[in-house]
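An overview of the molecular structure
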Amino acid sequence: MRIGGFGHISSEEILLPVRPAYIALTLLGALMLNLLPLTGWVLAVRPDFVALALLYWGIHQPRKIGFFPAWLLGLAMDVADGSLFGQHALAYSAMMFAAIFLHRRVSMFDLRHQMLHVLVILLAMQLIVLGVREAAGGELPGWWYFLSSATGALLWPVTHVVFTAPLRPRHDPDDV
Amino acid sequence: MEYTPPPFFKRGPSLLTRLSFFAALSLILLYADARFHYMESMRKVVAVVLYPLQQLASVPGELGSRVSNFFVTQSSLQRDNERLARDNFLNAGLLQTQQALIAENLHLRALLEMQERVEQSSVAAEVLYFGRDPFGRKVILDKGQMQDIEEGAAVVDDTGLIGQVSRVYPWTSEVALISDREQVVPVQIVRNGLRAVLFGVGYDGALDLRFMPVNAEIENGDVLVTSGIDGVYPAGLPVAVVSNIERNAAYPFARITCTPTAGVNRYKQVLVLSRLAPLPDYPQATESSKPVKPRAKSRKGG
């Protein structure tokens, strides 16, 4: 494994095959992170971990994840947040579409340029949520609302490192 | 002839088809929830599934607060103790006079043949965390249906009204704060009994007193309490203090900003009051005298 600026971390390493149970586990972990009882500015800048994890698997394993988990997790987030029932489900479904549609393109770039793609996709997802709430009579709570997309994009390399860590093949002691 | 791919290249329906299916499903749910509130039972089911996860997620925070509680300094404990003892002493005096007042009130009400006020019960609860939905001002309490919390009940802290229970789950409940944009509280000015409606503006520390004429008799520092005419909030709970009045003759209404007296970010403990006895039914208008319906829930102006 090479160590350096994350521009050098290639996303085309040869990794162990991803098992569906592992994807489920990471999604559950992301859901737990989203459920952390945070308040104040921490809550305002907190990225949507579930969206980030879904986006990651949508881009890297589009054959192993589909719309259903995204939709289901969206419903879970709606209940956990006490927001309108279906707003996150809609936004996550649309995000999964973007991820699977763009997965070949995004994985051609290095992590720095992937971050830009992720930023745009996350912003689009938040815009869908905002649109739904505006239609239901809400109002933009403030421009800080979009900060979570920025932190989400910034966390993209971290997500990559964390999610691929258990997938790196271990060194065979006989293979010297 | 139509071309069909060999079966081993089949990948199911196309991406766009799948997206439209799930988007349509979500939109139906959204419409049913926003328009008709059909989704409350389904919400409860998902909430029960999520409950253990939520409990698990709150473990680190609780551990942290327990550790910091353990290291509370002697002096702050002593200070708290002194303050509480003093408050208790003062309150005891007030309570003693109140006993006499309650008896007198009962007697007077009996004399005037007025309806008796129902004694209210209350449940103490703790704020678990703030709502994560950025479009509303909500807090989540640690008591729910199992502890007889009812939807619509008023929630107070030791200084005044905080909000209203907006959703009840089996073990938790959601409280819409009075600063929530969709929260409306009927209030009364203590000084002169003028009734008004107090609207939340969507952020802490400010409330809007709307639809008051420019020449209404309101001053800075006026105390607003619940009027109790809505049958939701019991009368007389302190709600807010008028902090700023802008009278501009160009507008029909004055711009009046108030500061809430209760602060949900100060203490963790709150009191959930039981629902009031239902008010008698609204008198039905006869067919002949059917005026234009007053739009009580109009959100324009202000």
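1. A short note on the nonpolar core
Counting 99 residues, the largest nonpolar core has Leu54(A), Leu55(A), Tyr92(A), Met95(A), Leu161(B), Leu198(B) and Val239(B) as the members making the most contacts within it. For this core, the element with the highest residue contribution is helix 5 (residues 87-108) of chain A, accounting for twelve residues. Every residue in contact with Leu54(A), bar those within four places of it in the chain, is listed here: Ala70(A), Leu73(A), Tyr92(A), Met95(A) and Met96(A).

2. Observations concerning the environment of Gly152(B)
Residues and elements named next belong to chain B. Relative to the assigned elements, glycine 152 resides in the loop between strand 2 (138-141) and strand 3 (154-156). Sequence separation between glycine 152 and serine 166 is 14 residues, and the spatial gap between their C-alpha atoms is 5.9 Å. Apart from the residues within four sequence positions on either side, glycine 152 is in contact with Gln164, Val165, Val232 and Arg275.

3. Let's talk about the pairing of strand 11 (residues 255-260) of chain B
All names here are of chain B. On strand 11, burial follows the alternation: Ile256, Cys258 and Pro260 on one face are buried, whereas Arg255, Thr257 and Thr259 on the facing-out side are not. Where strand 8 (residues 207-210) and strand 11 come together, three bridges link them in antiparallel fashion. By the bridge assignment for strand 11, leucine 207 is matched with cysteine 258. Sheet topology note: the strand 10 (residues 238-246)/strand 11 ladder contains six bridges and is antiparallel. Within strand 11, the residue paired with alanine 240 across the bridge is proline 260.

4. Observations concerning the pairing of strand 9 (residues 223-226) of chain B
Strand direction decides the pairing type here: strand 6 (residues 184-189) of chain B and strand 9 of chain B, joined by three bridges, are antiparallel. Among the inter-strand pairings, Gln188(B) is bridged to a residue of strand 9 of chain B, identified as Val225(B).

About the thresholds
Residues numbered from 1 in each chain as written. Chains lettered and ligands numbered in written order. Predicted model: local features only at pLDDT ≥ 70, side-chain atom pairs only at ≥ 80, totals over all residues. Core = buried A, V, L, I, M, F, W, Y, C linked by C-beta atoms within 7 Å. Buried ≥ 20, exposed ≤ 12 C-beta atoms within 10 Å, placed from the backbone. Helix = DSSP H or I, 4+ residues; strand = E, 2+ residues; numbered from the N terminus. Contact = placed C-beta atoms within 7 Å. Pairing = 2+ DSSP bridges.

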